[in-house]
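# Per-entry structural report
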Amino acid sequence: MNMESHRIHPARVKRLNQKNPSDGDYVLYWMQHCQREQENHALEYAIEQANLLSLPVVVCFGLAVDYPEANLRHYAFMIEGLRDVKSDLHKRTIPFVVRQGFPPEVALRLGRRASVIVCDRGYLRHLRDWRRIVAKEASCAVIQVESDLIVPVETVSQKREYAARTFRPKISKLVPRFLDPPVRLAVSRKTAAFSLSGMDIDDNGVFDVLSVSEEVKPVPMFRGGAKAGYRILKEFIRKRLEDYAHTRNQPQTDNVSHMSKYLHFGQISPAAVARLVQGSPTASRQNSASFLDELIVRRELTYNFVYNT
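This text gives an overview of the structure that appears in the document. (Residues numbered from 1 in each chain as written. Predicted model: local features only at pLDDT ≥ 70, side-chain atom pairs only at ≥ 80, totals over all residues. Heavy atoms only, no water.)

### A word on helix α1 (residues 41-53)
Over its 13 residues, α1 extends 18 Å from the first C-alpha to the last, a length consistent with the 18 Å expected when each residue adds 1.5 Å. Those residues of α1 that sit buried are H41, A42, L43, E44, Y45, A46, I47, E48, Q49 and A50. On its buried face, α1 sits against β1 (13-15), β2 (26-30), β3 (57-63), α2 (72-91), β5 (114-119) and β6 (141-145). Of the residues that open α1, the one with a side-chain oxygen 3.0 Å from the backbone nitrogen of A42 is N40. Of the residues one or two after α1, S54 is the one with positive phi, at around 55°. (Helix = DSSP H or I, 4+ residues; strand = E, 2+ residues; numbered from the N terminus. Expected span 1.5 Å × (residues − 1). Buried < 20%, exposed > 50% of the residue type's maximum accessible area, 1.4 Å probe, protein only. Contact = heavy atoms within 4.5 Å. Polar contact = N/O pair within 3.5 Å; in protein donor to acceptor, adjacent residues only side chain to side chain.)

Dropping the structure here:
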């Protein structure tokens, strides 16, 4: 079967194995790194493939209860974001199944009933290993879709880059081609014919299963999730972007966007952030350019370095 997309840029899509779609009950999107419903290329690709196969879509997330170096603050922020995901997917009649366990095993268990498994992309070595495990052991096609970077890392450069000075011209000329959001698709088949069990993430009892330090407590002023992320971003653009170039490195000011944590958990799209900053009616070109250099050039240079290490 031809699994090319007419809506997602082909540079974002990579087959992780050469298996064909199997006879399954649904297309499974294994969400792990891009923890959002909005502007998620992997989700929209999964919906597109499901519609082509006349199948429903299921989204799953594997909750590792002992992620290395994570603490209660990290988990609280992430679970708040996953609650947003559940609510947003429900509005699109897409079930969201969160299960405790080693993420690749969660994906493979649910993948037994899947015709195709779609996953987002991870860059650290263990995240890449997770995807290799699923691609090897799944009995169906496994497709990876990039949605965490504005420009897919290999499209910018095939080698490890060391300096923003040389990386900047390479990525800058490509950004306009990748900045548009993915087309939102309606799901043509619903999942009423079956049910899948999972954790109740709306219940605070979800924290009882964690094996992490509780010494670092959540910060109430920063809630996780796309809704909070967009609210904070819009406030930054309205109140603090206009002085960003001059004060971003001054510790006595608060001229920062607070986007790092939302980007880290994939709760907000970097392309969406870039478009909102570019469209600011009050910020000067200098301030917008300074912020976008941090968001695009320096952030994606870091991903290039990690991927090629």
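Next comes the rest of the description.
### Some remarks on empty space enclosed by the protein
Over the atoms, a rolled probe matching the size of one water molecule traces out where space is still vacant. Counted under the stated rule, the structure contains one cavity of 30 Å³ or more. Around the largest cavity sit R12, R36, H41, S147, L149, I150, S269, P270 and A271, which together line it. In the lining of the largest cavity, the residues fall into four nonpolar, three polar and two charged. (1 Å grid on protein atoms, 1.4 Å probe; cavity = no way out; pocket = protein on both sides within 12 Å on 5 of 7 lines; lining within 4 Å. Points joined across faces, edges and corners; volume = space filled by probe spheres on them. Nonpolar A, V, L, I, M, F, W, Y, C, P; charged D, E, K, R; others polar.)

### Here we look at the environment of I268
For I268, the position within the fold is in the loop between α10 (260-264) and α11 (270-278). On the basis of relative accessibility, which here comes to 1%, the residue I268 falls in the buried class. In sequence terms I268 and D293 are 25 residues apart; their C-alpha atoms lie 18 Å from each other.

### Side note on helix α8 (residues 226-239)
Taking 1.5 Å of rise per residue, the 14 residues of α8 would be expected to cover 20 Å, and the 20 Å separating its terminal C-alpha atoms lies within 8% of that figure. Of all the positions in α8, only A226, A228, G229, Y230, I232, L233, F236 and I237 are classed as buried.

### Considering the packing of aromatic side chains
The tally for this structure, following the rule as stated, stands at 10 aromatic pairs. With 5.6 Å between their ring centres and 40° between their planes, F77 and F265 make a pair best called tilted. With F77 in helix α2 and F265 in the loop between α10 and α11, this pair connects stretches of sequence that are 188 residues apart. Residue class for F77 comes out buried when judged on its relative accessible area of 8%. Consider the rings of F102 and W130, whose centres lie 5.9 Å apart with planes at 85°: the pair is edge-to-face. You can see F102 sitting in the loop between β4 (96-100) and α3 (103-111) and its partner W130 sitting in helix α4 (residues 125-137), a full 28 residues away along the chain. Pairwise contacts between aromatic rings join Y67, F102 and W130 into one cluster. A cation over an aromatic ring shows up here: K261 above the ring of F222, its NZ or CZ 4.2 Å from the ring centre. (Phe/Tyr/Trp six-rings, centres within 6.5 Å; stacked < 30°, edge-to-face > 60°. Lys NZ or Arg CZ within 6 Å of the ring centre and 35° of its normal.)

Purely geometric numbers; function is a separate question.
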